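Now for the letters of each chain:
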Amino acid sequence: MEKCQTLSRQGYGVAIVNGPRTPNDVTEFLYEHTKNETHIVFHNCKRIAANEQERNMWRIYSGKYEEDFKAHAAISNIYPGILGYPNTLVVHTIDSYSCCETISAQIPTAISSSGIYINPNIRIDCLNMYQLMTPKYALDFDKFVNLTTYMKVEPQHLHPVELSNPLRVFEESVRHRLKR
């Protein structure tokens, strides 16, 4: 959130979109901390619990903002619409492979790892993906915030190497590491 606020103070508009794996407490934290921010919006894309059985499903939102999020449900997922704006940077978290989608579409992409612990014994794949993607295809989000704060670098100035086939790149990297 601090990085988003830093970008906001630099004149950026920031849109935060959650997904089905975003925990409910994180969803509420993001919503609460963006309610009074002029240039930062949060949009819930997590389905809202419709009955008591769904309240126990972690991929479905149930909590104190269900009524507020019903308006979000009517709008649906804003993420595809955001991708159409020029001079846009998409930020994914390190625990996801979704960065491959925006990188392949040649949309400037950053990966955030701040505050996210990845157990290498369980999800080494996420750590490997981060190492494969940054800095050649995507930027580390913290580095982008520093670049824009001190050097006024914008997403339109980024020219990452095109990732034409993520599976091929991943395979070549694995093969290279095995040959060592």
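See the structure shown above.
Novice: Just to check I follow, could you spell out the side chain of Thr88 for this structure?
Specialist: The topology assignment puts Thr88 in the loop between helix 4 (79-82) and strand 3 (90-93). Given a relative accessible area of 14%, Thr88 falls into the buried group. In this structure Thr88 touches Ile82, Ile107, Pro108 and Pro155, once residues within four positions along its chain are discounted.

Novice: Would you mind going over the pattern of salt bridges with me for this structure?
Specialist: Should the charged atoms of two oppositely charged side chains come close, the side chains can pair. One pass over the full model with this rule turns up 7 salt bridges. With a closest N to O distance of 4.0 Å, Lys3 and Asp142 form a salt bridge. Of the two residues, Lys3 sits in helix 1 (residues 2-9) while Asp142 sits in helix 7 (residues 141-151), which places them 139 residues apart along the sequence. Between Arg55 and Glu52 there is a salt bridge, with the nearest N and O atoms lying 3.1 Å from each other. A relative accessible area of 31% means that Arg55 is categorised as partly exposed. Residues participating in the shared-partner salt-bridge network are Glu52, Arg55 and Glu66.

Novice: Which parts of the structure should I look at to understand the pairing of strand 2 (residues 40-43)?
Specialist: The two faces of a sheet get side chains in turn, since along a regular strand they alternate between them. Pairing of strand 1 (residues 14-17) with strand 2, which is carried by 4 bridges, proceeds in the parallel orientation. Within strand 2, the position partnered with Ile16 by the bridge is Phe42. A crossover links strand 1 with its parallel partner strand 2, the connecting element being helix 2 (residues 24-34), and its sense is right-handed.

Novice: Quick question: what am I supposed to make of the nonpolar core here?
Specialist: Nonpolar side chains tend toward joint burial in soluble globular proteins. In terms of nonpolar packing, the biggest core is built from 21 residues, with Leu7, Val14, Ile16, Phe42, Phe69, Phe144 and Leu158 touching the most fellow members. Secondary-structure elements contributing two or more residues to this core are helix 1, strand 1, helix 2, strand 2 and helix 7. The residues contacting Leu7, other than those within four sequence positions of it, are Tyr12, Val14, Phe141, Phe144, Val145 and Thr148. Formed by 13 residues, the second largest nonpolar core is a distinct cluster that contains Cys100, Cys126, Tyr130 and Val169.

Novice: When you look at helix 7 in this model, what are you seeing that I'm missing?
Specialist: Each α-helix winds once per 3.6 residues, and so residues spaced three or four apart point in a common direction. Within helix 7 the residues assigned to the buried category are Phe141, Phe144, Val145, Thr148 and Thr149. The arc that holds every buried residue of helix 7, seen down its axis, measures 125°, which confines them to one face. The outward face of helix 7, more than 90 degrees from its buried face, is lined by the exposed residues Lys143, Tyr150 and Met151. On its buried face, helix 7 sits against helix 1, strand 3, strand 4 (109-112) and strand 5 (139-140). Capping the start of helix 7 is the job of one residue whose side-chain oxygen sits 3.0 Å from the backbone nitrogen of Asp142: Asp140. Backbone geometry just downstream of helix 7 places Lys152 in the positive-phi region, at approximately 60°.

What counts and what doesn't
Residues numbered from 1 in each chain as written. Predicted model: local features only at pLDDT ≥ 70, side-chain atom pairs only at ≥ 80, totals over all residues. Heavy atoms only, no water. Helix = DSSP H or I, 4+ residues; strand = E, 2+ residues; numbered from the N terminus. Buried < 20%, exposed > 50% of the residue type's maximum accessible area, 1.4 Å probe, protein only. Contact = heavy atoms within 4.5 Å. Salt bridge = Lys/Arg side-chain N within 4 Å of Asp/Glu carboxyl O. Pairing = 2+ DSSP bridges. Right-handed = clockwise from strand over helix to strand, strands pointing away. Core = buried A, V, L, I, M, F, W, Y, C linked by side-chain atoms within 4.5 Å. Arc of directions from axis to C-beta. Polar contact = N/O pair within 3.5 Å; in protein donor to acceptor, adjacent residues only side chain to side chain.

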